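Observations on chain architecture
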Amino acid sequence: MAASVRTLALRALCESRRNINRVSGSRIKHSCCGAWFTLCRGYSDGSEGKSTHFGFETVPEEEKADRVYKVFESVAKKYDVMNDAMSLGIHRLWKDSLLHAMNPQPGLRLLDTAGGTGDISFRFLEYTRSMYEHQQRQKVRSSQTPSWRDIAEHYASNKSGLPQSRAVVCDINKEMLKVGKQRAEKAGIGTDLSWVVGDAEELPFDDNQFDLYTIAFGIRNVTHIEQALQEAQRVLKPGGRFLCLEFSKVSNPVLARLYDAYSFQMIPVLGEVIAGDWKSYQYLVESIRKFPDQETFKEMIEDAGFFCVQYFNLTGGIVAIHSGFKL
């Protein structure tokens, strides 16, 4: 019942906003979204003979996934070190911002797509645990000198402890998952976390399974972004939330020039020095420039059937968080 009320409230809040923002004719496919979703599930079937981008290079669609796989297979062992080096550690703040925007409550189930080495899932489990502890402290503070019977009843009702939050890290690259599992073992994170090999464009999960879907610095690497968005919409429960953390477009021209200079002149060099791989990091820099800007990506998310879609720029638009709900 609560889920139904929440769904109706979200729909009422969002519908008028979406209607205002729509451009006549450019979004017609959303009006027949049910049939369109079905067609999109088979999007890759007609990819033969089509081309797409791999960085600044044009390649056949059927080649991109394999080439992206090889990129991340090559960089997996140095992936986290390189993230710190390339962003000067700021990527940690961006991921923290994603969790604060998400604000997950204990007991939810997260699908961390293209989750690689597990950064988002680790934060999610830690955040929900901290949220539970905070809620328990608030209950204690609100109690006015409880009796021994009240205390005993409180502990009896909380024998099970923390509501079970679960995270599933899904990534197409086995080497990235391998590194993630090793990190989890070292950190003592085992329960409530699972690792699944899977493609963002064809997720190996049934419909309506997850409360939250995240994809951090991964969606620009898929061949068909629209199809990945459709899959996100499919596996989320009604009322579930989609969140994407991705590099985007810098609006300030001065910052944009500095950012481009650093990206093209320094990041491939760092890749060669730290990871012994210039080409992979050259691709990563180029792939950022080929990704849609904030408004265009927002429209793509809406076209996939999400409501209340909005975005937040971080660090002047170098990175953006996009959010939307499945109703």
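Keep in mind that what you see is a predicted model, and the values were worked out from it rather than measured. (Residues numbered from 1 in each chain as written. Predicted model: local features only at pLDDT ≥ 70, side-chain atom pairs only at ≥ 80, totals over all residues. Heavy atoms only, no water.)

Check the secondary structure of the protein and you find 12 helices and nine strands. Buried positions account for 48% of the 327 residues belonging to the protein. Taking the intrachain contacts of the protein between residues at least 6 apart in sequence as the baseline, contacts between residues at least 24 apart amount to 76%. For the protein, the computed accessible surface area is about 16700 Å², with 55% contributed by carbon and sulfur atoms. (Helix = DSSP H or I, 4+ residues; strand = E, 2+ residues; numbered from the N terminus. Buried < 20%, exposed > 50% of the residue type's maximum accessible area, 1.4 Å probe, protein only. Contact = heavy atoms within 4.5 Å. Areas by Shrake-Rupley, 256 points an atom, 1.4 Å probe, with all protein chains shown as cover.)

What follows is about the pattern of salt bridges. Applying the stated criterion across every chain, the model contains 12 salt bridges. Several salt bridges share partner residues, and in doing so they unite Asp80, Lys95, Asp119 and Arg183 into one network. (Salt bridge = Lys/Arg side-chain N within 4 Å of Asp/Glu carboxyl O.)

A few words now on the nonpolar core. Trp94, Phe124, Leu193, Leu245, Phe247 and Val319 are the most contacted members of the largest nonpolar core, which has 31 residues in total. No other element matches helix α6 (residues 119-142), which puts six residues into this core. Each residue touching Val319, except ones within four places of it in the same chain, is listed here: Trp94, Phe217, Leu245, Glu246, Phe247, Ser248, Phe312, Asn313 and Leu314. Ala200, Ala232, Phe297 and Met300 belong to the second largest nonpolar core, which has 26 residues in total. (Core = buried A, V, L, I, M, F, W, Y, C linked by side-chain atoms within 4.5 Å.)

Glancing now at helix α4 (residues 79-87). Every α-helix carries 3.6 residues per turn, so stepping three or four residues along brings you back to the same face. Within α4, the full set of buried residues consists of Tyr79, Asp80, Met82, Asn83, Met86 and Ser87. Projection of α4 onto a plane perpendicular to its axis shows the buried side chains occupying an angular sector of 160°, all on one side. Where α4 is buried, its residues meet α3 (61-75), α5 (90-102), α6, α8 (174-187), α10 (253-275) and α11 (278-290). Two residues or fewer past α4, Leu88 is found with a positive phi of approximately 60°. (Arc of directions from axis to C-beta.)

Estimates place the volume of the largest pocket at around 620 Å³. Along its surface, the largest pocket is lined by 39 residues, and Val68, Ile172, Gly218, Asn221 and Val222 are the ones closest to its centre. Sorting the residues of the lining of the largest pocket by element identifies α3, α4, β3 (109-113), α6 and β4 (166-171) as the ones contributing at least two each. With six residues, the top contributor of residues to the lining of the largest pocket is α3. (1 Å grid on protein atoms, 1.4 Å probe; cavity = no way out; pocket = protein on both sides within 12 Å on 5 of 7 lines; lining within 4 Å. Points joined across faces, edges and corners; volume = space filled by probe spheres on them.)

Mean pLDDT over the protein works out to 82, with 77% of the residues at or above the 70 mark. Segment residues 16-47 is flagged for pLDDT under 50; beyond a separation of four residues in sequence, or across chains, it makes 41 contacts in the model. (pLDDT = per-residue confidence, 0-100.)

So, on to the side chain of Arg220. The residue Arg220 is located in the loop between β6 (210-216) and α9 (225-235) in this model. Residue classification places Arg220 among the buried positions, given a relative accessible area of 5%. At a separation of 2.8 Å, a polar atom in the side chain of Arg220 contacts the side chain of Glu246. A distance of 2.8 Å separates the side chain of Arg220 from the side chain of Ser287, its partner in a polar contact. Those residues in contact with Arg220 that lie beyond four places of it in its chain are Lys64, Glu246, Phe247, Leu284, Ser287, Ile288 and Phe291. (Polar contact = N/O pair within 3.5 Å; in protein donor to acceptor, adjacent residues only side chain to side chain.)

What follows concerns a nonpolar patch on the surface. Together, Val269, Val273 and Trp278 make up an exposed nonpolar region whose accessible area comes to about 280 Å². Along the chain, the position of Trp278 falls in helix α11. (Patch = residues over 30% accessible without salt bridge, like charges linked within 9 Å, V, L, I, M, F, W, Y side chains within 5 Å.)

Bringing the packing of aromatic side chains into the picture now. Inspection of the entire model under this criterion finds eight aromatic pairs. Judged by centre distance (5.2 Å) and plane angle (35°), the ring pair of Phe242 and Phe306 falls under tilted. Of this pair, Phe242 sits in strand β7 (residues 236-247) while Phe306 sits in the loop between α12 (294-303) and β8 (307-314), and the two are 64 residues apart along the sequence. In this structure, Arg289 is placed above the aromatic ring of Tyr259, and the distance from its NZ or CZ to the ring centre is 4.7 Å. (Phe/Tyr/Trp six-rings, centres within 6.5 Å; stacked < 30°, edge-to-face > 60°. Lys NZ or Arg CZ within 6 Å of the ring centre and 35° of its normal.)

Turning next to the pairing of β4. Regular strands place their side chains on alternate faces of the sheet. For β4, the tally of buried residues reaches five of six residues, placing the bulk of the element in the interior. With five bridges connecting them, β4 and strand β5 (residues 193-197) associate as parallel partners. Its bridge partner lying in β5, Val168 is registered against Ser194. In terms of handedness, the path from β4 via α8 over to β5 forms a crossover that is right-handed. (Pairing = 2+ DSSP bridges. Right-handed = clockwise from strand over helix to strand, strands pointing away.)

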